[in-house]
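In case you want the letters, here they are:
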Amino acid sequence: MKKTIWSLVLAAVVSLSAFSFTPSASAASYVDPIQTYTYSEMTTDMKQLAKAYPDLVQYRALGTTKYGRTVWAIKLGKGDATVFYNASHHAREWITTNIAMEMVDAYADAYKKNTTYQGYNVRSLLNDVSIWIVPMVNPDGVTLQQSGLKEFPKSAHSGLIKMNKGSTNFKRWKANAQGIDLNRQYPAGWNEIPRSEAPSPSYQMYKGTKPLEAPEVKLLYNFTSYVDPEVTISYHTSGRILYWHYLNKKENYNRDYAMAKTFSSMTGYPLVKPNDSKKGGGYKDWFITQYGRPAFTPELSYHVGATNPPVSVINEEWKRNRKAALFVANEGKKLWEKKFTKTSKVITTFAPFNLYDRPGSAYKTSTKLKAQKLTVIGTKGNYFRINTKDYGKKWILKDNYVSGTVTDFHTKPKNFLVKESTPLYYSPISTKKSTSNLYPGEVKAIKSYGSYYAVKTKFNYDLWIKKDSKITEFNPAAVNQKIVLKPDATPLYLLPLDSKKTDTNLTPQTVTATKKWNNWFYVEGKDKDKKAVKGWIKQ
């Protein structure tokens with residue numbers, strides 16, 4: 001929510017203390033992270049940010065929790081490379097939501113102003129990368145931890161108290177409101193978690209009866225598949241350490257370790273030493289196992305035990321993490337660009353086409369562009385990557401196109417004579433034959449590509465014909481010639497084709513020819529009823 005005069009006064013007061021917020025970080029002023037940041041506040045801020053930056057920030061509902069709270073995802077950026085950050089898997093770790101929302105606020109502001117932020121050209125980066133963020137994975141748990149039982153139906157109170165070991169003080173609460181620890185719910189290593197650590201639903205540690213049991217985890221599991229990120233960050237508290245390893249494959253170790261070391265140097269969080277334990281259940285563990293890509297779990301704040309870190313640490317944690325998140329986005333871009341072939345070639349399309357955010361049917365957008373000449377900058381499978389003026393880097397299907405450009409001669413059309421019925425094509429591609437034919441007659445060609453010509457048709461759009469023995473260029477010469485017709489009747493033709501013979505015959509007379517093509521003449525004369533007629537005769 002945009003900062004009020006009172007909040008600015010309060011900020012001036014707290015600036016005397018050690019936890020004053022960095023002014024540059026709050027320049028956009030849509031998010032005030034120095035507070036107990038609620039689900040309601042986060043939702044309001046998210047919508048304000050999307051309204052303030054409509055071309056850069058979008059949000060979507062992933063689904064709802066047991067108690068009806070929506071799990072939101074925010075997209076920051078326009079690029080086809082994707083990274084995914086999530087926060088507040090654990091209820092008492094809600095300061096991670098503050099940090100995640102401040103990222104959207106600060107980076108969007110830097111993008112709009114086209115300023116460098118922490119050494120990164122944010123506009124350039126976010127034109128190439130989309131940062132997806134789920135800022136609060138566990139809204140029920142966060143709300144319970146912050147506000148207690150009053151935000152839940154009375155019918156749920158006794159069960160929540162029981163899971164909290166009889167206490168009505170929920171400050172230690174870590175699970176969702178069903179007593180399931182969300183970061184012990186992912187499939188990788190779930191079986192290795194001892195049930196004895198929490199045999200039944202509890203404020204913490206209970207892994208559930210099966211993986212993906214909690215609705216919040218199932219939503220994140222499915223959403224990760226959609227985003228298909230190159231790198232993920234799961235923000236947690238506390239301890240100021242960085243987890244980066246879970247049985248990483250040997251071929252990925254050096255890549256992941258190099259990235260982790262840089263992340264560590266930026267945040268000051270020491271790396272947790274890798275081990276061979278199969279005990280998992282966490283989002284990071286599952287992502288590394290499932291996707292074979294880098295994943296990080298930074299533990300924000302100094303160690304605070306079984307409660308939420310104080311608001312006073314937020315400024316310090318923002319300073320530690322604001323650059324690292326941009327670093328990870330940039331690394332995601334590099335990894336993505338290794339997955340397609342870069343190129344630079346011109347193609348011409350022949351029908352309106354949809355844009356795709358990424359290669360794949362799931363990423364088809366509603367935006368359509370008209371047929372046009374394009375420069376392809378990448379290829380992957382059945383898709384081309386293009387750079388659009390208004391939408392950034394997008395993908396299109398490899399369909400109904402040719403390499404190179406089409407020669408256009410609208411201003412000086414070429415005349416052709418179609419001698420026999422010939423197929424019409426939607427484009428100069430042999431597989432794009434229509435169900436219609438062009439019948440014998442004169443046509444005007446306005447474009448050409450290879451052995452094909454585009455012609456004007458009765459359908460009010462251009463279709464293509466193939467230049468073969470059925471068509472021939474038709475360029476009659478202008479003449480002014482008198483022709484004496486033979487005593488026999490002379491047939492008149494609409495066009496210089498045997499198939500275009502009319503019922504009209506010219507009686508013996510002298511006619512004037514104004515055009516000549518091969519042994520054909522275009523004449524003006526009179527029929528047997530002495531009426532003036534025009535057409536072609538064969539000599």
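This report concerns the structure included in the present document. No experiment lies behind these values; they were computed from the predicted model shown.

## Digging into the layout of surface pockets
At step 1: The calculated volume of the largest pocket comes to roughly 860 Å³.
At step 2: At the level of secondary structure, the elements contributing two or more residues to the lining of the largest pocket comprise strand E7 (232–237), strand E8 (241–243), helix H9 (283–291) and strand E9 (295–300).
At step 3: Across the lining of the largest pocket, the residue classes break down as 10 nonpolar, 15 polar and 10 charged.
At step 4: Surrounding the second largest pocket, 25 residues form its lining, Gln58, Lys75, Gly77, Asp357 and Lys394 being those nearest its centre.
At step 5: Here the element with the most residues in the lining of the second largest pocket is strand E1 (residues 57–64); it accounts for 3 residues.

## Re the sheet that holds E1
At step 1: Spatially, the 7 strands line up as an open sheet ordered E1-E2-E6-E3-E7-E9-E8, and their pairing is mixed. Strand pairing shows two members of the sheet lacking a second neighbour, E1 and E8, which therefore form its edges. Sheet twist, expressed as the mean angle between neighbouring strand axes with direction ignored, is 20°.
At step 2: Sheet topology note: the strand E3 (residues 81–87)/E7 ladder contains 4 bridges and is parallel.

## Some points on the pairing of E1
At step 1: As paired strands, E1 and strand E2 (residues 70–77) are joined by 7 bridges and run antiparallel to one another. Looking across to E2, one finds that Tyr59 is bridged to Ile74.
At step 2: Hairpin connection from E1 to E2: 5 residues lie between these consecutive antiparallel strands, with Gly68 at a positive phi of about 85°.

## Observations regarding helix H3 (residues 95–113)
At step 1: For H3, with 19 residues, the first-to-last C-alpha span of 27 Å sits near the 27 Å given by 1.5 Å per residue.
At step 2: Of all 19 residues making up H3, 17 are buried, and the element is well covered by its neighbours.
At step 3: Where H3 ends, the next residue or the one after it, Asn114, has phi of about 55°, a positive value.

## What about the nonpolar core?
At step 1: By size, the foremost hydrophobic cluster in this structure holds 66 residues, and its most contacted members are Val57, Tyr85, Tyr107 and Ile131.
At step 2: Beyond its immediate stretch of four places on either side in the chain, Tyr107 contacts Leu76, Tyr117, Val122, Leu126, Ile131, Trp318, Asn321, Arg322, Ala325 and Leu326.
At step 3: Val137, Leu212, Tyr283 and Phe287 belong to the second-largest nonpolar core, a separate cluster that totals 26 residues.

Each value, and the rule that gives it
- Residues numbered from 1 in each chain as written.
- Predicted model: local features only at pLDDT ≥ 70, side-chain atom pairs only at ≥ 80, totals over all residues.
- Heavy atoms only, no water.
- 1 Å grid on protein atoms, 1.4 Å probe; cavity = no way out; pocket = protein on both sides within 12 Å on 5 of 7 lines; lining within 4 Å.
- Points joined across faces, edges and corners; volume = space filled by probe spheres on them.
- Helix = DSSP H or I, 4+ residues; strand = E, 2+ residues; numbered from the N terminus.
- Nonpolar A, V, L, I, M, F, W, Y, C, P; charged D, E, K, R; others polar.
- Pairing = 2+ DSSP bridges.
- Axes fitted to C-alpha atoms, helices over the stretch in contact; angles between N-to-C directions.
- Expected span 1.5 Å × (residues − 1).
- Buried < 20%, exposed > 50% of the residue type's maximum accessible area, 1.4 Å probe, protein only.
- Core = buried A, V, L, I, M, F, W, Y, C linked by side-chain atoms within 4.5 Å.
- Contact = heavy atoms within 4.5 Å.

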